[in-house]
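Per-entry structural report
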Amino acid sequence: MDRKQELIDKLTGIRSSRKSYYRKLNSTIEELKNKNKQLEVINQLTQLHVNNSWEEVSSYIASRVSRVLDFDRFVLTLIDRSEFCFYISEQTDANWHCHLIKRQYQTDAALSITEFKKLLQKDISSHYGETVCLENQTGKIYGFLTLLNDKKTEYSAENLEFFKRFGEHTRVFIENNILFKDVSEKVNIEAQLIQSAKLASLGEMAAGIAHELNSPLTAILGNSQLLMRRITDEQSNKMLTDIYQCGFRSKKIIQNLLVFSRQEEYQFADVNPNDAVEDALGLIGYQLSVSEISIKKKLDRTVPHVRGSRQQIEQVIINLLLNAKDAVQERKEPLIIIGTTLKHIEKRPYVSIYVWDNGIGIEQENISKIFNPFFTTKAKKKGTGLGLSISLGIAESHGGKLMADSKVNEYCQFSLLLPVQNGEGGEENEEGARS
Ligand SMILES: Nc1ncnc2c1ncn2[C@@H]1O[C@H](COP(=O)(O)OP(=O)(O)OP(=O)(O)O)[C@@H](O)[C@H]1O
Ligand SMILES: [Mg+2]
């Protein structure tokens, strides 16, 4: 027995009882488990994608770190010149949710943690926190990670070391993300430039043709009216009315083309959403009807007017209609519904101009990509993948949104949401083409 004990002591190097040896072993195992958990949390940072929004990044980090450390709130702070963005994540019902607070602070180039804590205190008063810096290769601080607690909390040296190391790894991801967002913005601007150059030359061409056709059309309209007055025979008169109406429709299409091609008219004015829909349909309705697509209009005549550029709004509607046309191509009974309605989002009223189709729909995994410039699932010569990214840009420049909803092989609906000016916008109407 003595020999055995001696052997254990020699093997373990622990000059103590067997009980305390196991206690020590248990605590070592616990420590290793904890270390493993910490490594796992750091490893899980690779699950973040550069396409994730900063809100998603903040709540994801909070949810991961909370597996190792206790805290009430997590703040990812990003500094862009003098603008501070605090992405604050809090836990409700087991999920972490993030909200953003933006602040303008005039600070020196070199901002220390202590100064930062003072700034944060202004927005989130009476809290205790641990902060690590995010600084780039040149030593410039561009953000902070902060754990906030309502009550004073002391973290162990080991936990603080973990948070520091976690900050180091997060720094790499955040730097990549900033770079990616920067590049995407540049690609987007470039794409818009290409598209506006394309539109400008198209506009010029359209304007030339429209002017050429204007004079013969004026003659057709004028002369058919004269003849209608002179000829009383019923059958001939009916034929003349037909000529007049067709000529009138052509004239309207040409006027629309002229308005559409006038680039300098991108000025904001009062726009009737229903008129914009009618004009867009006037421009491409024929193209749709020859493809034997049924077009159904569900215009709510009571929707308020919006502030915006009529040509740009029409441009979005045309893009959406052309996409819908492509999507229903293979359908037996192709149907497109275009409508207007009033909708409230976060208590703000918007006019929704929606285009619904019973086409191929969009795969779930593609929904987040369709607004990216150059993303297309169409044949090389058919699509440039710019339509939706330009349309989104236009929606945002109007303070609005462009939303997509789809079920593969069933339907697809795009809604252009334009904000209603103060004082307008009453009761919400039925939303959606099918609901
Ligand atoms: N109504 C729709 N139904 C199904 N998929 C759609 C619909 N609208 C858009 N998409 C998908 O979104 C992609 C991007 O659309 P977008 O309008 O930006 O580009 P595009 O139509 O491919 O090319 P472009 O408009 O520049 O000619 C399309 O390639 C298609 O995969
Ligand atoms: Mg398109």
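Residues numbered from 1 in each chain as written. Chains lettered and ligands numbered in written order. Predicted model: local features only at pLDDT ≥ 70, side-chain atom pairs only at ≥ 80, totals over all residues. Heavy atoms only, no water.

In this section: the site of ligand 1. What surrounds ligand 1 is a group of 20 residues, the closest being Thr376, Thr377, Lys378, Thr384 and Leu388. Contact distances for ligand 1 include 2.8 Å between an oxygen atom and a side-chain N or O atom of Asn323. Within the side chain of Asp357, an N or O atom sits 2.9 Å from a nitrogen atom of ligand 1. In isolation ligand 1 offers 590 Å² of accessible surface; the protein chains occlude 91% of this area. Sorting elements by how many residues they give to the shell around ligand 1 places helix 8 (residues 310–328) first, with three residues. Across the shell around ligand 1, the residue classes tally to nine nonpolar, eight polar and three charged. (Near = heavy atom within 4 Å. Polar contact = N/O pair within 3.5 Å; in protein donor to acceptor, adjacent residues only side chain to side chain. Areas by Shrake-Rupley, 256 points an atom, 1.4 Å probe, with all protein chains shown as cover. Helix = DSSP H or I, 4+ residues; strand = E, 2+ residues; numbered from the N terminus. Nonpolar A, V, L, I, M, F, W, Y, C, P; charged D, E, K, R; others polar.)

Residues given the UniProt feature "coiled-coil region" (unreviewed entry) here are residues 22–49. Here residues 22–49 is 79% helix and 0% strand, with 44 Å between the C-alpha atoms at its ends. (UniProt positions renumbered as here; feature names shortened; annotations may be inferred.)

Further remarks concern the packing of aromatic side chains. Summed over the entire model, instances satisfying the criterion amount to eight aromatic pairs. Ring plane angle 35° and centroid distance 5.4 Å describe the contact between Phe71 and Trp96, whose orientation is recorded as tilted. Residue Phe71 is found in the loop between helix 3 (54–65) and strand 1 (73–80), and its partner Trp96 is found in strand 3 (residues 95–104); the two are separated by 25 residues along the sequence. Considering the side-chain rings of Trp356 and Tyr411, the 6.4 Å spacing of their centres and the 5° angle between planes classify their relative orientation as stacked. Within this pair, whereas Trp356 is found in strand 10 (residues 348–357), its partner Tyr411 is found in strand 12 (residues 411–419), the two being separated by 55 residues in sequence. Its guanidinium or amino end placed over the ring of Trp54, Lys181 lies 4.7 Å from that ring's centre, counting from NZ or CZ. (Phe/Tyr/Trp six-rings, centres within 6.5 Å; stacked < 30°, edge-to-face > 60°. Lys NZ or Arg CZ within 6 Å of the ring centre and 35° of its normal.)

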